[in-house]
Amino acid sequence: MAVIDPPSGGGGFRVDMLWNDSRYRSTFIQIVALLATITVFWLIVDNVVANLARVGKDFAFNFMTNPASYDINQRPLDYTSRDSHARAAIIGIINTLLVAVVGCVLATIIGVLAGIARLSRNLMLRAIMSVYVEVIRNVPLLIQILLVMAVITETLPVPRDFRGEDAVASMLFWDSVALTNRGFYFPALIFQEGSWVVVAAFIAGIVASVVFSRYAAARQAATGDTMAVLPINAAIIILTPLAIFFVSGMPIGLDLPAFQDFNFQGGLFLRNSYLALVIALAVYTGAFIAENVRAGIMAVNRGQTEAASALGLQPGRTMSLVILPQALRIIIPPLISQYLNLTKNSSLALFVGYMDLTGTLMGITLNQTGREFETLGLGMAVYLTISLSIAGVMNLYNEDAKLVERTSGTGGGLSLSTLLAGFGGPWERISKGDAQMRPTYGLRLEMNLFWLFYAGMLLLMVDYVFIQGASELRPSYWDWGMGTKVAALTMTVAAFAALATCLFKNPRFIDIIAAEFCFFVLAVLLGFPFGALIPGVDGTMFVFATAAMRLAIFGYTVLGPRPNLTFFHRVRQEA
Amino acid sequence: MTDMPNTGNSALYVRREMLAQQPPPPSTVGVVGWLRENLFRGPVNSTITVLILLMILWLAPGIASWAFIDATWNAKSLSECRQLGEGACWAVIVERFGQFIYGFYPAEERWRPNLAFLLMLLAFAFALFDEVPGVSKEVWARIRPGGLVFSAVFPFIAYWLIWGGSIWGPIGLVATPVVGYFAAVGVDKLNSQYGPFLPDTLPVPSIVGLVAALVWLLGGMQLVAGALTAISPEFFPLWLPAVESKSLGGFLLATIIGVAGIVLSLPIGILLALGRRSGLFFIQTVCIVFIECMRGVPLITLLFVASTTLSFLFPPDSNLDELLRVVIMVTIFASAYMAEVIRGGLASLPPGQYEAADAMGLNYWQATRLIIMPQALKVSIPNIVNTFIGLFKDTTLVAVIGLLDVIGLITATRADSAWNGINWELYIFAALFFFIACFAMSRYSMYLERKLATDRR
Amino acid sequence: MNEVAQDMTADRAKMAVSDEEVIQIRSMNKWYGDFHVLRDINLTVNRGERIVVCGPSGSGKSTLIRCINRLEEHQAGDIIVDGTELNSDLKNIDKIRAEVGMVFQHFNLFPHLTILENCTLAPIWVRKTPKKDAEETAMHFLTKVKIPEQANKYPGQLSGGQQQRVAIARALCMRPRIMLFDEPTSALDPEMIKEVLDTMISLAEEGMTMICVTHEMGFARQVANRVIFMDQGQIVEQNEPEPFFNDPQSDRTKLFLSQILGH
């Protein structure tokens, strides 16, 4: 009989246990990684400081308030060259968003149409669409932008050609649209006195149509009668404001572009660079969206169509009730990432001279001030913010789709569908197995807002440490002692890390504690003036008020009516 | 055929003779049937077909006469072109073809990038293909291990071929892991031969190997290479005329940046993907932040960083070539995308694979190297090719910081007084080039995807 | 019937059980989050024993055997395998995994490697066996599970039963002292179950220590010398097969047996 002695478990700590013992191993590896990261970070910061000192530069953002002294050709806000660099940057951001939003809408339209056309039974149409998709996807976007720009500037008439009785070129659509090589002129709407009634009627019409759709759905659920929802809604939205428009004496007019002296005046002017950019981006991204749409529709099992037909659903209903809901769930995530790509690609504006963020802040401002770090850092931060916001929307959607998949119709808190379907409603409790499967979607939105609040605080703090040259308050970061620098950097990195986990993963209570801890140690370390955040509010007040707010949110998540508390490793039992 | 037995009112029915197969109605087969099925199925379809046909008939003659019939292929300037014909002026492409391909690479040295390109195809073939048409499976299997070594060494060969200079630098780099390996093995041998004198709690041989490799990389290599360089021009023909980065341009530049970016980003991407799935909080966080930040900003901003601030991150006296800086940033950018591609591959593996590897007693790196990565990479290849296509197209952006890639050269050409005013021809040429390259690659990736789908079944 | 039973007893007598205790599990507990999957498990396995674990789904039987080679980590109690305690020391874990073979429900063969490579992988990389020896061993075991001719095929080209036999051979190639079977036949088509069970029976006849989670009660009657019934994470009853099937003591066992045998 072999007696098995349990090996004496203790024996103290040996060095090799760091990598041979699962209790210490992961901590050890992470500490090594942390040290390595800090070392690399430190080396880089040190090099940057040394290099900046060598060329006699510092790191400060006060140049942003200096006059920009350059002109921007497309100004959605008032701007003159005497305005500050900061204002120029904001104009750039708005211009970027103008391209991105319009581009996304156009790309979606093009993409959906092309995607459906690629599935057409008509060989000719299918072939043309395949050529479109393949050619566009395999040619660099930059070349396409430059080509479209060349088409506009080379083939369209100059404004001068529209002059006089025997004009070489003529306007389109009853003299309302002029296509010139400098850009396109469209009629613009003029809102005169009293026009708010029409606008209000239009908005009211939209609201009323939503209400009506709800009513129709409820009625159908109750009685089984279907109503002609679409025509009635169209009437509500279009006819009502139209009637009011005529009754109130046509308060909204058209401002037509007209040729005067040397150029067109009036109307809505879209510059050639903007047009080239938007058209090329929309056509390019549309080709990718077309592929997503096609793949999404094809991914829905053929059997689904057959099953729906066998049940007696008409083709239209089959599409809207069976195919589309399934296809959309496949199409929308890649669609959103195409939006992301389009937004990032809008930075190619630089090549056609459109003044977006890369043109203003990261272009002329950079060249004029020579502040590479500050301008590039800010510019990248803006792009990152836009990207992460879009990614956030995508996460929200994905959670929503998951919800639909697992337990249809349970109110899992604020997800997209509940947002759209209205707040409140009877919340169903999630059974135990369920809740363990999907940890946190119920509180995702609230918690994300919460993290954004933290992120804001963190940015303020980073701004306070590195950016504001608040020399009268404390020595500049670059004059600190080594220990303080390392401590501050470590805490900043840790706080960002904790935040990133909260944003990208399912956060645990420990993450929140970590984030809190890092913030406050960092804040204390820096003597952060909490009071200065909101004018007229005392610092202590601020700390207590925010703490109370967070407590309230925690309390709500733990005790509130919403289900899903796996978040704190607790599951509410079913009654 | 009609000898059906009449049995009164009985339901009995017996077929005595089987029917032969009949042809279908003529309107559903043949050319007519095909046309009906595909082009003229109902009034809407027919209208669409006719409209598209009309459009093609309207556009095609114009395009054909512009691009081919009235085009000019030989001229010295745009004005000469315009005198010769109304159509496209391809003469500019003919005149500057070499430039568009190689940039300002010395004409007599152009065999070097050509050779490098051919070797690159070979290196990729070894790395990617399980079988090659025309080579028997056994032969390929036998030469492939050696071929893989060649693939690994190829980047250094390519570097030497393109930039020239002494071969000893690249050889020194290649030798680094070899030096480390032999140092580690040597220490291990000594230790086991002359009685164990090393503590077994520390992986001493590995540390010695690492140190040896570092010493070689940081100093030893230069010493040896310097000595050999001093001798070699006389003794070995291993010296090529040096070519500056500034002379590189055109599609050569795009290829260099694209290939270097994708090849270098592969190992980084693998590490990032593993880190992101590691479950170690800090490492995971670092990887996620890195990946999301790189994917969240446009490449153009990273190119700005390459041209302005990147050199600030290095010690003051280090003087980085602009092309090198661009390659660094492109690599960082691509590795974030690569990490996501590989993460997708990792996620597609069933958890049983990890469990089986664990149950056998393989450690993390063994399991990753032998079981997980081979499968994950194979699944990822189509997406890696797609990433490469994207990156290759994006190399056109380097024009923004003044590198003379195709777009940069086109701008320069248009500024030339002889060709001032030319537009379409240049862009169409560049577009066509990229289209051919990218379309071929995307077809290849689709083929791979289909092949994978059948392999898995 | 009686004859068969006698045969079985004779068979069982052939497979000698030694006194050496190879697995000791003492008051072991495990939780998944809040869920207590394994509650106070005490189990001793002697060398040469063939143990069949059965129980309703979710009763923790798979988790139990996955704890024995640390695919799952237990949170309280001791597990000692072949004289080595399973604790946080990764070297011990590696040692035990090399000594304990495991066969999975879904085979988990490596699809990118040939059958032969699947079998030689662990001997080469874990045991550091020279490749040639490893291949010889692999062929030996492949012959034993009756598929030597498939050695150069890939797993995808084999049927489910063949794959599972390869998986058994793969585990045997490490020359394990203990074999764990995690529902080896439940992912198989009925006609393939027999070939896998035959392989397992011949393995048992050679005196391999086996712990087998399975619902094949015929197999349990024929080869097991102990049957363990688990429910709600606890060992409810264990006994020799004859009394276990003919005269179950606990109500839960009776219910379970009536459900799986009573048609």
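Residues numbered from 1 in each chain as written. Chains lettered and ligands numbered in written order. Predicted model: local features only at pLDDT ≥ 70, side-chain atom pairs only at ≥ 80, totals over all residues. Heavy atoms only, no water.

Colleague: Any chance you could break down the packing of aromatic side chains for me, citing the residues and the numbers?
Modeller: Under the criterion given, the structure shown has 26 aromatic pairs over all chains. Ring geometry for Tyr274(A) and Tyr354(A): centres 5.6 Å apart, planes at 45 degrees, overall tilted. Of the two residues, Tyr274(A) sits in helix H8 (residues 272-299) while Tyr354(A) sits in the loop between helix H10 (315-345) and helix H11 (357-369), which places them 80 residues apart along the sequence. We note that Tyr274(A), like Tyr354(A), is buried. The positively charged end of Arg295(B) is found above the aromatic ring belonging to Tyr337(B), 5.7 Å away from the centroid. (Phe/Tyr/Trp six-rings, centres within 6.5 Å; stacked < 30°, edge-to-face > 60°. Helix = DSSP H or I, 4+ residues; strand = E, 2+ residues; numbered from the N terminus. Buried < 20%, exposed > 50% of the residue type's maximum accessible area, 1.4 Å probe, protein only. Lys NZ or Arg CZ within 6 Å of the ring centre and 35° of its normal.)

Colleague: Give me the interface of chain A and chain B: which residues, what numbers.
Modeller: Interface size is commonly expressed as the accessible area that is lost once the parts come together. Listed per partner, the contact involves 62 residues of chain A and 60 residues of chain B. Carbon and sulfur atoms make up 75% of the surface buried where chain A meets chain B, a total of about 5500 Å² over both sides. Summed over the shared surface of chain A and chain B, the result is 1 salt bridge. Ionic pairing is found between Arg443(B) and Glu134(A), a salt bridge with its closest N-O pair at 3.0 Å. The interface formed by chain A and chain B holds 15 residue pairs in polar contact (both at pLDDT 80 or more) in total. Of all the secondary-structure elements, those providing two or more residues to the side of chain A that touches chain B are helix H2 (22-54), helix H4 (123-137), helix H5 (141-155), H8, H11, helix H12 (372-406) and helix H16 (482-504) of chain A. Grouping the amino acids of the side of chain A that touches chain B by side-chain chemistry returns 38 nonpolar, 12 polar and 12 charged. (Contact = heavy atoms within 4.5 Å. Buried area = accessible area lost by both parts, 1.4 Å probe. Salt bridge = Lys/Arg side-chain N within 4 Å of Asp/Glu carboxyl O. Polar contact = N/O pair within 3.5 Å; in protein donor to acceptor, adjacent residues only side chain to side chain. Nonpolar A, V, L, I, M, F, W, Y, C, P; charged D, E, K, R; others polar.)

Colleague: Tell me what's going on with the pairing of strand S7 (residues 178-182) of chain C, and back it up with residues and numbers.
Modeller: All names here are of chain C. Burial runs high along S7: 5 of the 5 residues are buried. Where burial is concerned, the two faces of S7 agree: the one with Ile 178, Leu 180 and Asp 182 and the one with Met 179 and Phe 181 are both buried. Both strand S6 (residues 100-103) and S7 contribute to a ladder of 4 bridges, which runs parallel. Paired with Gly 101 across the strands is Met 179, a residue of S7. Note on the crossover from S7 through helix H7 (residues 190-205) to strand S8 (residues 209-213): the handedness is right-handed. (Pairing = 2+ DSSP bridges. Right-handed = clockwise from strand over helix to strand, strands pointing away.)

Colleague: Summarise the pattern of salt bridges; cite the residues concerned and give the values.
Modeller: As enumerated under the stated definition, the model contains 28 salt bridges over all chains in all. Linking Glu72(C) and Arg66(C) is a salt bridge whose minimum nitrogen-to-oxygen distance equals 3.2 Å. Classification of Glu72(C) by relative accessible area gives buried; the value is 14%. Among the residues examined, Arg66(C) registers a relative accessible area of 12% and is labelled buried. Between Glu99(C) and Arg127(C) there is a salt bridge; the shortest N-O distance is 3.8 Å. Taken as a pair, Glu99(C) in helix H3 (residues 90-99) and Arg127(C) in the loop between helix H4 (115-125) and helix H5 (131-144) lie far apart in primary sequence, 28 residues in all. Residue Arg127(C) is classed as partly exposed on the basis of its relative accessible area, which comes to 33%. Within this structure, Arg276(B), Glu292(B), Glu340(B) and Arg343(B) form a network of salt bridges that share partners.

Colleague: So what's going on with the state of the cysteines? Which residues, and what values?
Modeller: Using the criterion set out here, one finds 1 disulfide over all chains in the structure. Between the sulfur atoms of Cys81(B) and its disulfide mate Cys89(B) the distance is 1.9 Å. What sets the handedness of the Cys81(B) and Cys89(B) disulfide is the S-S torsion sign, and at about 80 degrees it is right-handed. Cysteine Cys119(C) is unpaired, with the sulfur of Cys173(C) as its nearest cysteine sulfur at 4.4 Å. (Disulfide = S-S within 2.5 Å.)

Colleague: Go over unusual backbone geometry, please, and point to the residues and values.
Modeller: All names here are of chain C. Unlike most non-glycine residues, Arg 70 shows phi in positive territory, near 60 degrees. Tracing the backbone shows Arg 70 in the loop between helix H2 (61-68) and strand S4 (76-81). For Arg 70, a relative accessible area of 10% puts it in the buried group. The backbone of Arg 175 shows a phi angle near 50 degrees, a positive value even though the residue is not glycine. Secondary-structure assignment places Arg 175 in the loop between helix H6 (160-172) and S7.

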